[in-house]
Amino acid sequence: MSALMSRLRLLSTVFLVFFICWSSQGQDTLRVNLLQADSIFLSSSYQLLAASMNVEAERAQIIQARIYPNPVFTADLNAYDPQNQKAFHVGNTGQKAFQLEQLIILGGKRKAQIDLARTNAAIAELELQDLTQHLKFRLHSSLFALGQQVSVLRKYDRQLALLDSLLTAYRIQADKGNIPLSELVRLKGAYLKLNNDRAELNKEYFATQVVLQQLLQTSSVVKFRFSEGDIERYIRILSPDELIATARSNRPDLLIAVQNSTLAEQYLRLQKRTAVPDVEVFGNYDQRSGAFTDQVNVGFSIPLPLWDRNQGNIRSAKFRLQESDYLKEALLNEVNSEIRNGYALYAQTVSEYRKANEMYDSDFEFTVNGMTENFKKRNVSILEFIDFFEAYNEVLTELARIKTQLVTSAEELNLLVGKDIYR
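Reading the values: rules and limits
- Residues numbered from 1 in each chain as written.
- Predicted model: local features only at pLDDT ≥ 70, side-chain atom pairs only at ≥ 80, totals over all residues.
- Heavy atoms only, no water.
- Salt bridge = Lys/Arg side-chain N within 4 Å of Asp/Glu carboxyl O.
- Helix = DSSP H or I, 4+ residues; strand = E, 2+ residues; numbered from the N terminus.
- Buried < 20%, exposed > 50% of the residue type's maximum accessible area, 1.4 Å probe, protein only.
- Phe/Tyr/Trp six-rings, centres within 6.5 Å; stacked < 30°, edge-to-face > 60°.
- Axes fitted to C-alpha atoms, helices over the stretch in contact; angles between N-to-C directions.
- Parallel < 35°, antiparallel > 145°, perpendicular 65-115°, else oblique.
- Left-handed = near helix turned anticlockwise from the far one by under 90°.
- Contact = heavy atoms within 4.5 Å.
- Nonpolar A, V, L, I, M, F, W, Y, C, P; charged D, E, K, R; others polar.

*Asks:* So what about the pattern of salt bridges? Which residues, and what values?
*Replies:* Counting across every chain of the model gives 16 salt bridges. With a closest N to O distance of 3.3 Å, Glu-323 and Arg-320 form a salt bridge. One end of the pair, Glu-323, and the other, Arg-320, are both in helix α9 (residues 311-359), three residues apart, so they sit about a helical turn from each other. Residues joined by salt bridges that share partners form a network here, namely Glu-56, Arg-59 and Glu-125.

*Asks:* Before we move on, could you go through the environment of Gly-91 and cite the residues and values that matter?
*Replies:* In this structure, Gly-91 sits in the loop between β4 (86-87) and β5 (96-104). Taking the relative accessible area as the measure of exposure, Gly-91 reaches 32% and is therefore partly exposed. Separated by 13 residues in sequence, Gly-91 and Asn-78 place their C-alpha atoms 9.8 Å apart.

*Asks:* Would you mind going over the packing of aromatic side chains in detail, with residue names and values included?
*Replies:* Enumeration according to the criterion identifies ten aromatic pairs in this entry. With a centroid separation of 5.9 Å and an interplanar angle of 45°, the aromatic rings of Tyr-343 and Tyr-346 are classed as tilted. With a gap of three residues between them, Tyr-343 and Tyr-346 both fall in helix α9, about one helical turn apart. Judged on exposure class, the residue Tyr-343 and its partner Tyr-346 are both buried.

*Asks:* Now, about the packing of helix α7 (residues 240-250) against α9: what can you tell me, with residues and values included?
*Replies:* Direction vectors running N to C along α7 and α9 enclose 140°, while the axes themselves pass 10 Å from each other. One finds that α7 runs oblique with respect to α9. Once α7 is placed against α9, the crossing between them reads as right-handed. Here Pro-240, Asp-241, Leu-243, Ile-244, Ala-247 and Arg-248 of α7 come into contact with α9, specifically with Leu-332, Val-335, Asn-336, Ile-339, Arg-340 and Tyr-343. When the residues that make up the contact of α7 with α9 are grouped by side-chain class, the tally is eight nonpolar, one polar and three charged.

Spelled out as structure tokens, the structure:
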């Protein structure tokens, strides 16, 4: 047991020294507050850059939809004249013909295609906005989680240092026979438990670092600078109905659903207009093969809508429109439920946070110091000290959970509403 304790203390000390040295190097540490993190994220996220390229690609389709079809030029040249035994006989006594054709789009199909391209571009912009909000939710939640993890880890380190000094003193006294060996064992057990809790929290800390480094596109250790006031700014009491009303006009996926309905209407309009046949006009010159020499002709061609009047596509588009309306209503119901339940969790967390702040004050830390001093003076038994010590650690963990949950639930409401209501 003694050898194990020595190895654990050595490993803890080595890790702490490594962590401090690593963190102290400016080039390996990225210290940010919330606004700075947002700025770095928005300017360096490859996911956002990729989504913005999709927006530009959809906008380019508007340009393409505006462009009229190109005319078609046809040249018919004689390859071999068997009567005169000449190849490529295209001169004054030969044969050549030219034709120029132009498709005339009728029925408003071109305008309908432009409207479709504009709606697709608007949807791409909303998808970029939706992606940005989801990633910012992940960024902010991870930053505040990191802040709480670091705070608790520091307190764990101080407590482990305290227990280490107590263990050293108790081992000397136990060797002298002044205290029972069982008290030393209990103290070692408390040390091992706390060290294990710290290891688990440390694992969460590094997992959070991975998330933040990916979001901020950095290989440096992220340090989050925040205060208790930053957490309290997330406290704002609103009604779920207010949040739902805000979501209807701001939440990207709801706006996308509306745009999808518009897109379905425009597609139906296009299919109806596609039933109107287009006209192809042409003009041609024929040197010798027509009714007259150097004959010039003009004409047009138009499909006759006798059987195919685009009935199937029009019917399909009508069903697609109804489908989009149903999906929009389903999403509205889902949003209402998400916001009401999300707000219930948020309100409960605010209540927990306020209650915890009332209970955890300067007197709490004063009591901890007093208990430690009394234990050193043997005024408190080992059982009382360890019970208090473990209860104190549970309080630290719970406080960190409540603060993290407050920020996460508020940021989730921001995400559900589609707007930074809380912050």
